[in-house]
Amino acid sequence: MTAFSLEPAQLAWCAELRALAAERLRPLADKGEPGRVNRPLVAELGSAGLLGRLFTSGALDLCLMRESLAYACTEAETALALQGLGAHPVHAYGTRAQRARWLPRITDGTAVAAFALSEPGAGSDAAGLGLRAEPDISPGGGPSAGTALTATPDGSARWRLTGEKCWISNAPEADFYTVFARTTPDTGARGVTAFLVPADRPGLTGRALDMLSPHPIGALDFDAVPVTADDVLGEADRGFRVAMRTLNLFRPSVGAFAVGMAQAALDATLAHTAGRDAFGGKLRDLQAVSHQVAEMALRTEAARLMVHAAASAYDADSPDVPRRSAMAKLLATETAQYVVDTAVQLHGARALQRGHLLEHLYREVRAPRIYEGASEVQRGIIAKELYARQEAR
């Protein structure tokens, strides 16, 4: 297989996923409450075996899942993606005990995960995190306040998390959070540690945020939340690598989500313009309309191909994954915004009615240009990678 074509079995699987989303997942999504975790929908994703595939499939399969689900049910796609984003660090960097406790529950859809990176003052600038992981100085003894780590009686390090996370998907309803905190001050990206923090830890509270996007997003407050070395994902002070490698995997699949929405908008526009009477014919007979539809199709297919290429590069462990991932997310999310907006324009006022597919997509399509690295950040990554390659010649 190349990055530019799919095998018949893959195409058939995509068709199965679209049917599953329309027939089994869409009804559950419609019963959900906007801004809240839809646990029956998550459980159904588990029953269908899709959550388990998050940890057994490659990046291309992840993209195919996300595009196919997004085409028929964006809520199901988002629920799947958020499980993967929150739990992938556990799968890739967790201890045997961490994986044994959480991954089976993520796979069957009985636990909800969240990826807690963004903060009020550090969104796209992930190296500027302010959530502090301070040494836990026990009363009556222990190291001085300037010591980097404190040890429990069994010899494991321990910290207290203090600060805030914001714009966290699935917060505050997740069962655990992959949390990135600063363990060493004034060291930029090098002093960040990833922690697995169960939601019931003392001092951890949260609140929902009322956002444009219909999926749950919230803020988390950490008031001296206790964590130990047993909660670390990967290595202390090496959490930035955990975050970036997770994002390199999921950024192309954000693009796949966008492509799925663009394709749904394109297909709706084809049907509408072919059937709508206007000016003595059909809308599609107007060159201004047909050329816009052609442009929508062109951009959607180009974005799809770049997403597949980036995912294939990830699966092949290519050294240019950061550049390709950034390009795929950037092109696909910007394309989806254009396609959905054009679809709304060609549909007219009916597309702005609550409950219309395009009204729903119009609200959904905006956020992916911001989360997991805004479009401007992706351009910065691309330029940095290009200049680094040029200097290495």
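To be clear, the structure that these remarks concern was listed above.
On a predicted model such as this, the values are computed, not experimentally measured, just so you know. Note that residues are indexed from 1 along each chain, following the sequence as it is written. Selection of residues for local features in this predicted model requires a pLDDT of at least 70, selection of side-chain atom pairs for listing and counting requires 80 or more, and totals for whole chains, interfaces and linings are taken over all residues. Remark: hydrogens and water are excluded; side-chain values derive from all non-hydrogen atoms of the structure.

Any details on the environment of Glu 119? Residues and values, ideally.
Secondary structure elements are defined from DSSP: runs of H or I of at least 4 residues count as helices, runs of E of at least 2 residues count as strands, and each element is numbered from the N terminus. By the secondary structure assignment, Glu 119 is in the loop between strand S1 (113–116) and strand S2 (132–135). Separated by 12 residues in sequence, Glu 119 and Leu 131 have C-alpha atoms that sit 8.0 Å apart. Excluding anything up to four places from it in sequence, Glu 119 contacts Leu 129, Gly 130, Leu 131, Glu 164, Lys 165, Cys 166, Trp 167 and Phe 180. Any N or O atom pair separated by 3.5 Å or less is treated as a polar contact, with the protein-specific requirement of one donor-capable and one acceptor-capable atom, and with residues adjacent in sequence counted only for side-chain atom pairs. Polar side-chain contacts of Glu 119 include one of 3.0 Å to the backbone nitrogen of Leu 131. We call two residues in contact when some of their heavy atoms are within 4.5 Å.

Explain the packing of aromatic side chains to me, and be specific about the residues and the numbers.
Working definition: an aromatic ring pair is given by the centre-to-centre distance plus the angle between the planes. Pairing of aromatic rings covers Phe, Tyr and Trp, the last counted by its six-membered ring, and requires centre-to-centre distances within 6.5 Å; plane angles under 30 degrees mean stacked, over 60 mean edge-to-face, and any other angle means tilted. Scanning the model with the defined rule gives three aromatic pairs in all. Centroid distance Trp 102 to Phe 176: 4.7 Å. Interplanar angle 45°. Geometry classified as tilted. Placement of Trp 102 in helix H6 (residues 96–108) and of Phe 176 in strand S5 (residues 176–182) is noted, with a sequence separation of 74 residues between them. Look at Trp 102 and you get buried, because its relative accessible area is 4%. The class for Phe 176 is buried, based on a relative accessible area of 0%. Judged by centre distance (5.2 Å) and plane angle (70°), the rings of Trp 159 and Phe 195 are edge-to-face. Exposure categories follow from relative accessible area, calculated using a 1.4 Å probe and restricted to protein chains: below 20% of the type maximum is buried, above 50% is exposed, and the middle band is partly exposed.

Go over the nonpolar core with me, naming the residues and quoting the values.
The nonpolar core is taken to be a set of buried Ala, Val, Leu, Ile, Met, Phe, Trp, Tyr and Cys residues, with the residues joined through side-chain atoms within 4.5 Å. In this structure, Leu 25, Leu 45, Leu 50, Leu 80, Phe 176 and Phe 180 are the most contacted members of the largest nonpolar core, which totals 79 residues. For this core, the element with the most residues is helix H7 (residues 239–275), which contributes 14 residues. Once residues lying within four places of it in the same chain are set aside, the contact partners of Leu 25 are Leu 20, Leu 41, Glu 44, Leu 45, Leu 69, Cys 73 and Ala 76. Residues Ala 174, Tyr 177, Phe 195 and Leu 220 belong to the second largest nonpolar core, which totals 23 residues.

Just give me the short version of the side chain of Glu 119, but keep the residues and values in it.
The class of Glu 119 is buried, set by a relative accessible area of 4%. Of note is the side chain of Glu 119, whose polar atom sits 2.6 Å from the backbone nitrogen of Gly 130.

Talk me through the packing of helix H1 (residues 8–31) against helix H4 (residues 59–72); I want residue IDs and the actual numbers.
Direction vectors running N to C along H1 and H4 enclose 40°, while the axes themselves pass 8 Å from each other. Considering the angle they form, H1 stands oblique to H4. Of the two possible hands of crossing, H1 and H4 adopt the one that is right-handed. Contacts between H1 and H4 pair Gln 10, Trp 13, Cys 14, Leu 17, Arg 18, Ala 21, Ala 22, Leu 25 and Arg 26 from the former with Leu 60, Asp 61, Leu 64, Met 65, Ser 68, Leu 69, Tyr 71 and Ala 72 from the latter. Lines fitted to C-alpha atoms define the axes, with helix axes restricted to the stretch in contact, and inter-axis angles between N-to-C directions lie between 0 and 180 degrees. What sets the label is the angle itself: under 35 degrees gives roughly parallel, over 145 gives roughly antiparallel, 65 to 115 gives roughly perpendicular, and the rest give oblique. Rotating anticlockwise by less than a right angle from the far helix to the near helix defines a left-handed crossing, while the corresponding clockwise rotation defines a right-handed one.

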